[in-house]
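Residues per chain are reported as follows:
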Amino acid sequence: MDKDFGIAIDQTISFVKETLEGAEAGHDWFHIERVYSSARHISEAEGGDLLIISLAALLHDIADSKFNGGDEEIGPMMAGAFMESIGISADVIVHVQQIILNMSYKASLGTVTFSSHEMNIVQDADRLDAIGAIGIARAFTYGGYKNRLMYDPAIPPDPDLSKEAYKNSTAPTINHFYEKLLRLKDLMRTATGKQLAENRHQFMLSYLDQFYGEWKGKR
């Protein structure tokens, strides 16, 4: 591995850890670390530019719009300023910024203006962390952070939310499974991502079956 690569990644990890100290637990350093590990794992099978993949995975949530008044530009801007400060080349900076701007699920509900093999890998890694056991834990962590209901049978999920409606939703956490989480398996872009998503998807289905049984006092 190139020495400059290792230095850049070490500097980025330090920056992200410091910036996200005290962040909401579903979008903290540990989330970033999992996405970074998954992205590298997917890249081993799928190829791609490892520097771009690594930087995008590490910086993708440096300033998530939902914690910054809905501003979708602040994250790419902060990431770009940091990468410039450590001497990353302009073409890599632009590529990473475009990945950050276009990879989220909410971005896919609007007009996606960029695509690349590297974005597919980082996007799959991020989506994998949104499903399965950890995805469930993250969903309820964020729901608690926003003081949302766990479930209300009188509030049905809306699987056809627009981007703006999705961003402004205050629905119970269980609705989020149908409005996003259960959709992610079929949105995976890489063969490795698709394979890894299968087991996590089935785990969520089993969880929901158990949840509803307990809700009704039958399990």
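Given the structure is predicted, the values throughout are model-derived calculations rather than measurements.

(A) The arrangement of the overall build of the protein chain in detail. Across its full length, the protein chain holds 11 helices and zero strands. Along the protein chain, helices (α) and strands (β) appear in the sequence α-α-α-α-α-α-α-α-α-α-α when read from the amino end. Its C-alpha atoms give the protein chain a radius of gyration of 18 Å, within 12% of the compact-globule value 17 Å for 219 residues. Its C-alpha atoms give the protein chain principal-axis dimensions of roughly 60 × 35 × 30 Å. With 219 residues in all, the protein chain has 47% of them scored as buried.

(B) The arrangement of the side chain of histidine 31 in detail. Summarising the element assignment, histidine 31 is placed in helix α2 (residues 29-46). In terms of polar contacts, histidine 31 uses its side chain to reach the side chain of aspartate 126, at 3.3 Å. Each residue touching histidine 31, except ones within four places of it in the same chain, is listed here: Gly26, His60, Asp61, Asp126, Asp129 and Arg138.

(C) Spotlight on the packing of aromatic side chains. Considering all chains together, one arrives at 12 aromatic pairs under this definition. Among the aromatic side chains, those forming a connected cluster through ring pairs are Phe140, Tyr151, Phe177, Tyr207, Phe211, Tyr212 and Trp215.

(D) Seen up close, the nonpolar core. Core analysis: the biggest nonpolar cluster contains 56 residues, and Met83, Val96, Ile131, Phe177 and Leu181 have the highest contact counts within it. Looking at which element gives the most residues to this core, the answer is helix α3 (residues 50-59), with seven residues. Not counting the four nearest positions on each side in its chain, methionine 83 is found in contact with Leu55, Leu59, Ile88, Ile93, Val96 and Gln97.

(E) Structural detail: the pattern of salt bridges. Counted by the stated rule, this structure contains five salt bridges. The shortest N-O distance in the salt bridge between arginine 138 and aspartate 129 comes to 3.6 Å. As far as the burial class goes, arginine 138 and aspartate 129 line up, both buried. The partner of lysine 185 in a salt bridge is glutamate 198, and the shortest N-O contact between them spans 4.0 Å. Of this pair, lysine 185 sits in the loop between α10 (173-179) and α11 (191-215) while glutamate 198 is found in helix α11, placing the two residues 13 residues apart along the sequence. For glutamate 198, a relative accessible area of 39% translates into the label partly exposed. The structure contains a network of salt bridges with shared partners spanning Arg34, Asp129 and Arg138.

(F) Region of the structure containing the layout of surface pockets. Each pocket or cavity is described by its volume, and for the largest pocket that value is around 1100 Å³. Lining the largest pocket are 47 residues, and of these His27, Asp64, Lys66, Lys106 and Tyr166 sit closest to its centre. Only α4 (74-85), α5 (90-102), α6 (105-108), α7 (117-128), α8 (132-145), α9 (163-167) and α10 provide two or more residues apiece to the lining of the largest pocket. Considering every element that reaches the lining of the largest pocket, the biggest residue donor is α8, with five residues. A per-class count over the lining of the largest pocket returns 15 nonpolar, 16 polar and 16 charged.

Scoring rules and cut-offs
Residues numbered from 1 in each chain as written. Predicted model: local features only at pLDDT ≥ 70, side-chain atom pairs only at ≥ 80, totals over all residues. Heavy atoms only, no water. Helix = DSSP H or I, 4+ residues; strand = E, 2+ residues; numbered from the N terminus. Rg over C-alpha atoms; globule rule 2.2 N^0.38 Å. Buried < 20%, exposed > 50% of the residue type's maximum accessible area, 1.4 Å probe, protein only. Polar contact = N/O pair within 3.5 Å; in protein donor to acceptor, adjacent residues only side chain to side chain. Contact = heavy atoms within 4.5 Å. Phe/Tyr/Trp six-rings, centres within 6.5 Å; stacked < 30°, edge-to-face > 60°. Core = buried A, V, L, I, M, F, W, Y, C linked by side-chain atoms within 4.5 Å. Salt bridge = Lys/Arg side-chain N within 4 Å of Asp/Glu carboxyl O. 1 Å grid on protein atoms, 1.4 Å probe; cavity = no way out; pocket = protein on both sides within 12 Å on 5 of 7 lines; lining within 4 Å. Points joined across faces, edges and corners; volume = space filled by probe spheres on them. Nonpolar A, V, L, I, M, F, W, Y, C, P; charged D, E, K, R; others polar.

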